[in-house]
Amino acid sequence: MTYTQSNTANELLQAFQGLETDQQLALFWYIYKEMGDSITPAAPGASTVSPDIAEGLLNQVLEMSHEEQLQLQRDLIERKNSLIAREYGAMSDTTKLLFWYRLAQEMETNRVVPFPANYDLSEQAQQVFQQIKQLDFGQQITVFRDYVAPMGVDPSTAEHDSETGL
Ligand code: 45D
């Protein structure tokens, strides 16, 4: 697949979501590194974000092993049912974004499983990356918010799961 300038933000989102789980994680990491200092969690008027709630969920993740932390992130993307997935799903979309941002920050302190050296993006993921870079900041935020929004499990709509009892 090739993407051209004419692709809409929505098409990019679908391309992002269509990547393999690990490539999604890798791409999201590269995006985090690229955005760097332009993300300012303390921005005044940061509307529907609840830092304490994001931090509470993050604290649960920090208690896990690196292996479990990686699995949790894969599970969120794949919408696997778990208590944490439901807690995640109950947060506002902007708080979800803040949660991912905090995860990435803690990857840099090694409190969350660090990104492996020499892990390359697939050709397809690189194309999505290039396209995302061409969006303006506001469009990028929209894509990322829409990207993290459906992850996890929305406890208000999910059916009872006999496997987990949740
Ligand atoms: O070994 O309005 C592999 C707020 C496999 C403020 C792996 C905001 C191999 C309010 C998968 C590669 C700040 C919230 C391992 C707005 C292997 C507000 C692991 C904006 C270990 C607008 C890979 C917030 C992993 C924004 C674990 C813009 C990868 C936030 C993990 C942006 C990647 C957040 C992660 C971004 C990426 C977060 C956690 C871009 C996170 C990216």
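It should be noted that the structure appears before, not after, this text.
Below or above, wherever it landed, is the structure these notes cover.

Definitions and cut-offs
Residues numbered from 1 in each chain as written. Predicted model: local features only at pLDDT ≥ 70, side-chain atom pairs only at ≥ 80, totals over all residues. Heavy atoms only, no water. Helix = DSSP H or I, 4+ residues; strand = E, 2+ residues; numbered from the N terminus. Buried < 20%, exposed > 50% of the residue type's maximum accessible area, 1.4 Å probe, protein only. Contact = heavy atoms within 4.5 Å. Areas by Shrake-Rupley, 256 points an atom, 1.4 Å probe, with all protein chains shown as cover. Lys, Arg positive; Asp, Glu negative; His and termini not counted. Charge placed at Lys NZ, Arg CZ, Asp CG, Glu CD. Expected span 1.5 Å × (residues − 1). Arc of directions from axis to C-beta. Phe/Tyr/Trp six-rings, centres within 6.5 Å; stacked < 30°, edge-to-face > 60°. Lys NZ or Arg CZ within 6 Å of the ring centre and 35° of its normal. Salt bridge = Lys/Arg side-chain N within 4 Å of Asp/Glu carboxyl O.

**Considerations on the overall build of the protein chain**
A tally of helices and strands in the protein chain yields eight helices and zero strands. The N-to-C order of helical and strand elements in the protein chain reads α-α-α-α-α-α-α-α. Taken along the three principal axes of its C-alpha coordinates, the protein chain extends 45 × 35 × 35 Å. Out of the 166 residues in the protein chain, the part that is buried amounts to 41%. Considering only intrachain contacts with a sequence separation of at least 6, the fraction spanning at least 24 residues in the protein chain is 84%. About 9,200 Å² of surface is accessible on the protein chain, with carbon and sulfur atoms providing 49% of the total. Of the side chains in the protein chain, 10 bear a positive and 24 a negative charge, and the two mean positions are spaced by 2 Å.

**Topic: helix H4 (residues 66-77)**
When the terminal C-alpha atoms of H4 are compared, their 17 Å separation across twelve residues agrees well with the 16 Å that a helix rising 1.5 Å per residue should span. Turning to H4, its buried residues number three or more, namely Gln-69, Leu-72, Gln-73, Leu-76 and Ile-77. Buried residues of H4, viewed axially, fall in a sector of 135°; they line one side. Buried residues in H4 make contact with helix H2 (21-35), helix H3 (51-62), helix H5 (83-89), helix H6 (93-108) and helix H8 (137-148). Two residues or fewer past H4, Arg-79 is found with a positive phi of approximately 55°.

**As for the packing of aromatic side chains**
Within this structure, the stated rule accounts for 13 aromatic pairs. Ring geometry for Tyr-30 against Phe-129: centres 6.1 Å apart, planes inclined by 65°, an arrangement best described as edge-to-face. Placement of Tyr-30 in helix H2 and of Phe-129 in helix H7 (residues 123-134) is noted, with a sequence separation of 99 residues between them. For Tyr-30, a relative accessible area of 27% translates into the label partly exposed. A ring pair is formed by Phe-99 and Trp-100, whose centres lie 6.3 Å apart and whose planes are at 70°; its orientation type is edge-to-face. Across the pair, exposure class does not vary: Phe-99 and Trp-100 are buried alike. Joined through ring pairs, the aromatic side chains of Phe-16, Phe-28, Tyr-88, Phe-99, Trp-100, Phe-144 and Tyr-147 make up one cluster. A cation over an aromatic ring shows up here: Lys-133 above the ring of Phe-129, its NZ or CZ 4.3 Å from the ring centre.

**Section: the pattern of salt bridges**
Counted by the stated rule, this structure contains eight salt bridges. A salt bridge links Glu-78 to Lys-80; the shortest N-O distance between them is 2.9 Å. In this structure, Arg-102 and Glu-106 form a salt bridge, with 3.0 Å as the shortest nitrogen-oxygen distance. Here Arg-102 and its partner Glu-106 are both found in helix H6, four residues apart, which amounts to about one turn of the helix. Here Arg-102 and Glu-106 have matching classes, each one buried. Three or more residues joined by partner-sharing salt bridges are found here, namely Glu-55, Arg-102, Glu-106 and Arg-111.

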